[in-house]
Amino acid sequence: MKKPFHHLLYVQVLFAIALGALFGYLAPHLAAADWVKALGDGFVKLIKMAIAPIIFCTVVSGVSHIEDAKKVGRVGVKALVYFEIVSTLALAIGLLVGNALKPGGDFAGKADAAAIAKYTEAAAHRSGVEFLLDIIPESAVGAFARGDILQVLLFSLLFGFALLGLGENGRPMRQWVEEAGHAMFALIGIVMRAAPIGAFGAMAYTVGKYGSAALLSLGGLIGAFYLTSAIFVAIALGAIAAAAGFNIFRFLAYLKDELLIVLGTSSSESALPALMEKLQRLGCPRSVVGLVVPTGYSFNLDGTNIYMTLTTLFIARAMGAELDFTHQATILVVAMLTSKGASGVTGAGFITLAATLTAVDPALAPGMSFVLGIDKFMSECRALTNFIGNGVATIVVSAWEGELDREKLRAELSGANESGKP
């Protein structure tokens, strides 16, 4: 029996987003209150509390059932190769559109170095070696307590290999992990019922706190960023999806609930568990989903890459500096590295931007203050693009491995299950 229209989650979330934006516009002082912010923050925290256990259960279950242990390394290498190629493509598209539209040329503003000091300091103290060492948790409990995705992923891989080595002796533990995974996904199903409340609070607070004035004053940059992201998803990811045998727009329609939650909360992590579940329903093997999705959340940040290139060009033009080919090539190389080095850090998008600007030209770093007020509005698009990119990556790697169930993929995307529910 088909659900009534108003019972569909994406309809409820869409209505909540619209209502939140209206509330923030009409009553900004009320919308900027702490209790309104707490609605959005609380929902994201509810989701995040389940991410580490879900990654653990999915990865351990997937790895421990693999007959060929070399497959894990093979899938990991394929995923990283894909991430680097597509991330470079995202950076290049950002540079092309930035040079074509030239945002920032007529912007009049004064840079405020003090306003962005905490981001430049964080970028300066985040080296590549520290990033690699941070992947290793000081304790397994600490990794779960902090919710550090890469640390949990590393521990889960090692635990899965340990169960694989135990053979039949590890079977009871494998079964327990699988049942725990089912319970965690059921928990997420309960939490998702609060998604409209979280989306309302996050959107109302954003509009009430930062206001429409910030949107209007830097509308050119915001518009360029959303346009570039749309081009990247429709054309670049669309072509990759077509080569893998599916339609990108049907895929987006299939993930409509999750996309609206990401839009409302400005966090791609808020829909990570649901993405992992739906990708398995689309025919991706559990082992590939468990490896590619968590890794992609740190290494496949297409939206962040587009944001960095466009914003760097905007700041340079706003400060009267013209970046030549050498400088722009430096942006591409440095951004490829810094987007990994700042993953998992609070304010990662802004910290990554600080690291990129400092490497290209330290004099440009204070210009980050120009976009500080609108970064929240751009974070929604960053999160959406990152989210979509990781979903496409998982299907592509599954197909690359020859383990994608294409019948299930076609059945799900063709509308056989319109609500996206089992």
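The coordinates are above.
Residues numbered from 1 in each chain as written. Predicted model: local features only at pLDDT ≥ 70, side-chain atom pairs only at ≥ 80, totals over all residues. Heavy atoms only, no water.

A. How the structure looks around the overall build of the chain. Assigned secondary structure in the chain consists of 20 helices and zero strands. When the 422 residues of the chain are sorted by exposure, 54% land in the buried category. Accessible area of the chain: about 18,300 Å², with a carbon and sulfur share of 65%. (Helix = DSSP H or I, 4+ residues; strand = E, 2+ residues; numbered from the N terminus. Buried < 20%, exposed > 50% of the residue type's maximum accessible area, 1.4 Å probe, protein only. Areas by Shrake-Rupley, 256 points an atom, 1.4 Å probe, with all protein chains shown as cover.)

B. Summary view of the packing of helix α14 (residues 272–281) against helix α15 (residues 286–299). One way to put it is that α14 packs onto α15 with a least axis distance of 10 Å and a crossing angle of 145°. Like other packed secondary-structure pairs, α14 and α15 cross with a definite hand, here right-handed. Side by side, α14 and α15 meet where Leu272, Leu275, Met276, Leu279 and Gln280 of the first sit next to Arg286, Val289, Gly290, Val293 and Tyr297 of the second. (Axes fitted to C-alpha atoms, helices over the stretch in contact; angles between N-to-C directions. Left-handed = near helix turned anticlockwise from the far one by under 90°. Contact = heavy atoms within 4.5 Å.)

C. Region of the structure containing helix α13 (residues 256–265). Within α13, eight of the 10 residues are buried, which leaves the element mostly enclosed by the surrounding structure. For α13, the set of buried residues is Asp257, Glu258, Leu259, Leu260, Ile261, Val262, Gly264 and Thr265. Two residues or fewer after α13 comes Ser266, characterised by a positive phi angle close to 60°.

D. Quick peek at the packing of aromatic side chains. Enumeration according to the criterion identifies 10 aromatic pairs in this entry. Centroid distance Tyr82 to Phe83: 6.3 Å. Interplanar angle 70°. Geometry classified as edge-to-face. Accessibility expressed as a relative area gives 0% for Phe83, which makes it buried. Ring geometry for Phe225 and Tyr226: centres 6.2 Å apart, planes at 80°, overall edge-to-face. Of the aromatic side chains, those joined through ring pairs into one cluster are Phe56, Phe144, Phe155 and Phe159. Here the guanidinium or amino end of Lys37 rests over the ring plane of Tyr205, the centre of that ring lying 5.8 Å away. One cation-aromatic arrangement involves Arg382 over Tyr307; the distance from NZ or CZ to the ring centre is 4.2 Å. (Phe/Tyr/Trp six-rings, centres within 6.5 Å; stacked < 30°, edge-to-face > 60°. Lys NZ or Arg CZ within 6 Å of the ring centre and 35° of its normal.)

E. Fine view of the side chain of Thr312. With respect to the element layout, Thr312 can be found in helix α16 (residues 302–318). By relative accessible area, which is 0% here, Thr312 ends up buried. When neighbours within four sequence positions are excluded, Thr312 is seen to be in contact with Leu323, Ile331, Leu353, Thr356 and Leu357.

F. Looking closely at the nonpolar core. Ranked by size, the top nonpolar core spans 112 residues in total, and within it Leu237 and Val392 carry the most contacts. In contact with Leu237, other than residues within four places in its own chain, are Tyr82, Val86, Phe232, Ile248, Ile388, Gly389 and Val392. In terms of nonpolar packing, the next biggest core, distinct from the first, is built from six residues, Cys57, Val60, Val177 and Ala180 among them. (Core = buried A, V, L, I, M, F, W, Y, C linked by side-chain atoms within 4.5 Å.)

G. Just a nonpolar patch on the surface, in detail. A contiguous nonpolar patch, built from Phe15, Leu19, Leu22, Tyr25 and Leu26 and spanning about 570 Å² of accessible area, is present on the exposed surface. Look at Tyr25 and you get exposed, because its relative accessible area is 56%. (Patch = residues over 30% accessible without salt bridge, like charges linked within 9 Å, V, L, I, M, F, W, Y side chains within 5 Å. Salt bridge = Lys/Arg side-chain N within 4 Å of Asp/Glu carboxyl O.)

H. Up close: the pattern of salt bridges. A complete count under the given rule lists seven salt bridges for this structure. In this structure, Arg74 and Glu401 form a salt bridge, with 3.0 Å as the shortest nitrogen-oxygen distance. Placement of Arg74 in helix α4 (residues 70–101) and of Glu401 in the loop between α19 (375–400) and α20 (406–416) is noted, with a sequence separation of 327 residues between them. Among the residues examined, Glu401 registers a relative accessible area of 13% and is labelled buried. The salt bridge involving Glu277 is made with Arg281; its shortest N-O contact spans 3.7 Å. One end of the pair, Glu277, and the other, Arg281, are both in helix α14, four residues apart, so they sit about a helical turn from each other. Owing to a relative accessible area of 29%, Glu277 belongs among the partly exposed residues under this scheme. Through salt bridges that share partners, Arg74, Lys78 and Glu401 make up one connected network.

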